[in-house]
Amino acid sequence: MSAQPLLEVSHVSRIIDGKTILDDVSLSLGRGELKVIIGPSGGGKSTLLQCVNFLQPPDSGDVFLDGQSAREMSRQNICAFRQKIGMIFQDFNLFDHLCARDNVAIALQKVKGQKKALARQRAMAELERVGLVEQAHLYPSQLSGGQKQRVSLARALAMDPMVMLLDEPTSALDPELIGEVLNVIAQLSRSGMTMLMVTHQIGFARHLTKEIIFMEAGRVVETGPPELLEGGPEGGRAAAFCAKLAEVTGR
Amino acid sequence: MEFLTAALSSDILAGLTEFSQSALFVARGTGYTVALILGAMILGLALGLPLSTFEVYGAGWLRKITWVYVWFFRGIPILVLLFLIYFGVFDIIESTVYKLFETRISLTPFTASVIALGLASAAYQSQIFKGAILSLPAGQFQAARALGFSRSQAIIHIILPQAMRLSIPAWSNEYSILLKDSAVAYVLGTMEIMARTRFMTSTTFAHIRLYLLAGLLYYLLTWLGVKVLFKIEAKTRIPGLGHDAWRADDQLVLKKRDLF
């Protein structure tokens, strides 16, 4: 592993209407690493991800991608910076007026300035990667939740991101559809994609990650290997949280 | 006796030709009315669309300007606007041009009518588009930004194509209102349907027939325009977007037996 982390979040704070949503959060991701953020809702996980790609600029602190400070970038450079950070949302946010193929192709055309034919070719290749070539002409409303999330993965991957941010990618899915999305994410991770993922899929997280970050009330409370999650209610905060989750889901 | 019937029938005949001539004169106003309304709708669209995005996505000062615009043009009658532009603004423009270039230009009542109706329509159209933009999930804009779209790119390529589709039904409503508002333009002497009808009734006194004819022409134009816009809506409809989603729900909710 190189000495310099690919993504470094440094002392990020975010205050909205006088409420501290993020309180001095720092973390770093090495090339090819997958880190998982868990924690109760309202703990600032989603806000953290949106601060990482400056969708919500942090009130203080900075984000470095490949050593470059996001805070010092001009507006245009921030757009270029965001291209390098793929983002996956809980509720997919596919563009409802475009078919699956054009959902993937449009940013290539309009942001990267590629020719239509080339962008579409790339889009089809990405859809093939997530197993959706046959659904390429369908509109978002005609796709299942799992298919929608896979299209959104293809859409992010088409931009050749250096890092992927995944914000509870399976939380809005029916239980039987979670597997197909997790498969794609696991494949991506194995192929060396650097990823920061918020999820409640503890079992999945345990398998793929070497580090769990537990967030609560806007702060990173615990960080450590997946074993951090074990120990039940008497263990640390993260373990107690996991025990509570297991109580509900029965796992 | 024979003489009398011949005279009578020729009288009726003469009356009929007279009416058909004046009816033809009135009907020729249709072209003016159509041109007037098309010009006003396009001007309203060209101004209303940016205004709506200013109001939703603009900086504070831009939003304030939009607010003032919308309230000004929604707040004063079209008739006042017509006089204001034709007798006020046009007069200033004409005299300024004369002072500067020593040429006389004369701006027509038709231009004044297009501008007055267009500016007013822009205020209403901006509110139509604004409503449509706000009805879209916030995640659409966010996802575009996350992909590296600039604000204006996201608005042009992601937000407006959806918002404009959602706006067509309200837009056809705006068309039918504006069409009938356009009758006001007769006061300046624009030779559209209403002005021609007024002119003809003052000489032939065939009030009922001619005004009914004018009403019929407006009715046909409304019907035609709404029909065309409905066709456009159907053509550009996307599965699951906006009214198509409602349509699908209708089929679920409104089965006859469910009503009892």
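Residues numbered from 1 in each chain as written. Chains lettered and ligands numbered in written order. Predicted model: local features only at pLDDT ≥ 70, side-chain atom pairs only at ≥ 80, totals over all residues.

Asks: I keep staring at the overall build of chain A and nothing clicks. Help me out?
Replies: A tally of regular secondary structure across chain A gives eight helices and ten strands. Relative to a compact globule of 251 residues, whose C-alpha radius of gyration would be 18 Å, chain A shows 18 Å and is just as compact. Its C-alpha atoms give chain A principal-axis dimensions of about 55 × 45 × 40 Å. The buried share among the 251 residues of chain A stands at 46%. For chain A, long-range pairs separated by at least 24 residues make up 64% of all intrachain contacts whose partners lie at least 6 apart in sequence. (Helix = DSSP H or I, 4+ residues; strand = E, 2+ residues; numbered from the N terminus. Rg over C-alpha atoms; globule rule 2.2 N^0.38 Å. Buried ≥ 20, exposed ≤ 12 C-beta atoms within 10 Å, placed from the backbone. Contact = placed C-beta atoms within 7 Å.)

Asks: Just checking my understanding: could you explain the pairing of strand S3 (residues 34-38) of chain A for this structure?
Replies: Across a regular strand the side chains alternate sides, sitting on one face of the sheet and then on the other. Residues and elements named next belong to chain A. Of all five residues in S3, five are buried, a share of seventy percent or more. Burial of S3 is two-sided: the residues Leu34, Val36 and Ile38 facing one way and the residues Lys35 and Ile37 facing the other way are all buried. Pairing of S3 with strand S8 (residues 194-198) involves four bridges; the strand directions are parallel. Following the sheet pairing, Val36 is matched in S8 by Met197. (Pairing = 2+ DSSP bridges.)

Asks: Which parts of the structure should I look at to understand the environment of Pro109(B)?
Replies: All names here are of chain B. As for its position among the elements, Pro109 is in helix H5 (residues 109-135). Counting along the chain gives 80 residues from Pro109 to Gly189, while the straight-line C-alpha distance between them is 6.7 Å. The residues contacting Pro109, other than those within four sequence positions of it, are Tyr86, Leu188, Gly189 and Thr190.

Asks: Whenever I open this one, the nonpolar core confuses me. Can you help?
Replies: Generally speaking, soluble globular proteins have nonpolar side chains that are buried together. Counting residues in hydrophobic clusters, the biggest one holds 134 residues, and the most contacted among them are Leu165(A), Ile212(A) and Ala116(B). Considering every element that reaches this core, the biggest residue donor is H5(B), with 13 residues. A domain-level breakdown of this core finds at least three residues from each of domain 1 (1-84 + 165-251) and domain 2 (94-160) of chain A. Once residues within four sequence positions are removed from consideration, Ile212(A) is found in contact with Val36(A), Ile38(A), Ala205(A), Gly224(A), Pro226(A), Leu228(A), Leu229(A) and Ala238(A). (Core = buried A, V, L, I, M, F, W, Y, C linked by C-beta atoms within 7 Å. Domains from an automatic or database assignment.)

Asks: How should the interface of chain A and chain B be read in this particular structure?
Replies: How big an interface is tends to be expressed through the accessible area that disappears when the partners come together. Counting residues at the interface gives 22 residues for chain A and 20 residues for chain B. A per-element tally of the side of chain A that touches chain B places helix H2 (residues 75-83) of chain A first, with four residues. Residue classes in the side of chain A that touches chain B are distributed as twelve nonpolar, six polar and four charged. (Nonpolar A, V, L, I, M, F, W, Y, C, P; charged D, E, K, R; others polar.)

Asks: Any chance you could explain the sheet that holds strand S7 (residues 163-167) of chain A here in plain terms?
Replies: Sheets are built from strands that pair by backbone hydrogen bonding, the pairs being arranged parallel or antiparallel. All names here are of chain A. The six strands are arranged S6-S7-S8-S3-S9-S10 in an open sheet whose pairing can be described as mixed. The strands lining the two open edges of the sheet, one partner per strand, are strand S6 (85-88) and strand S10 (219-224). Across the sheet, the axes of successive neighbouring strands diverge by a mean angle of 20 degrees, strand direction being ignored. (Axes fitted to C-alpha atoms, helices over the stretch in contact; angles between N-to-C directions.)

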